[in-house]
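Chain and residue survey
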Amino acid sequence: KLVTVGLKGITKKIGGKSVVQLSKSQQKSIGTLEKRIREHREKLEKFRANPTVRKGMENMPKDMVRAQQNSRMRHLEKEINTFQNNIDKIKNGRM
């Protein structure tokens, strides 16, 4: 077995294939990103169930308020996708 260690984790050659084993740091990063995904999913679920209006927006036209709420949901969804993409990059040895 050929083992190489680099910034992207430990790679072993097993049966002609490279298998990436994650370092402690990478495992910790994935755990943190998974936690952030859970937090953001919870925020998104709560916001969808009860869309709130930010302070100072109470008297704005309803379409503007709804646009702001949609923007908030898109932002949370984008954050979740970014966290997941970063997990995938770590697991694939690209980060």
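Look a little higher up for the structure.
The structure reproduced in this document is the subject of the present report. (Residues numbered from 1 in each chain as written. Predicted model: local features only at pLDDT ≥ 70, side-chain atom pairs only at ≥ 80, totals over all residues. Heavy atoms only, no water.)

**Description of the overall build of the chain**
For the chain, the helix and strand inventory stands at two helices and three strands. Along its sequence from the N terminus, the chain presents helices and strands in the succession β-β-β-α-α. Relative to its 95 residues, the chain shows a buried fraction of 20%. At a minimum sequence separation of 6, the contacts of the chain that also span at least 24 residues come to 49%. Accessible surface, the chain as shown: approximately 7400 Å² in total, 51% of it carbon and sulfur. (Helix = DSSP H or I, 4+ residues; strand = E, 2+ residues; numbered from the N terminus. Buried < 20%, exposed > 50% of the residue type's maximum accessible area, 1.4 Å probe, protein only. Contact = heavy atoms within 4.5 Å. Areas by Shrake-Rupley, 256 points an atom, 1.4 Å probe, with all protein chains shown as cover.)

**Observations regarding helix α1 (residues 24–49)**
For α1, built from 26 residues, the straight-helix expectation of 38 Å at 1.5 Å per residue is met to within 8% by its first-to-last C-alpha distance of 38 Å. For α1, the full list of buried residues reads Q26, I30, L33, I37, H40, L44 and F47. (Expected span 1.5 Å × (residues − 1).)

**Remarks on helix α2 (residues 62–91)**
Under the 1.5 Å per step criterion, the end-to-end length of α2 is 44 Å for 30 residues, consistent within 8% with the ideal 44 Å. Within α2 the residues assigned to the buried category are V65, Q69, M73, L76, I80, F83, N86, I87 and I90. Contacts from the buried residues of α2 go to α1. G93 sits one or two positions beyond α2 and adopts a positive phi of about 75°.

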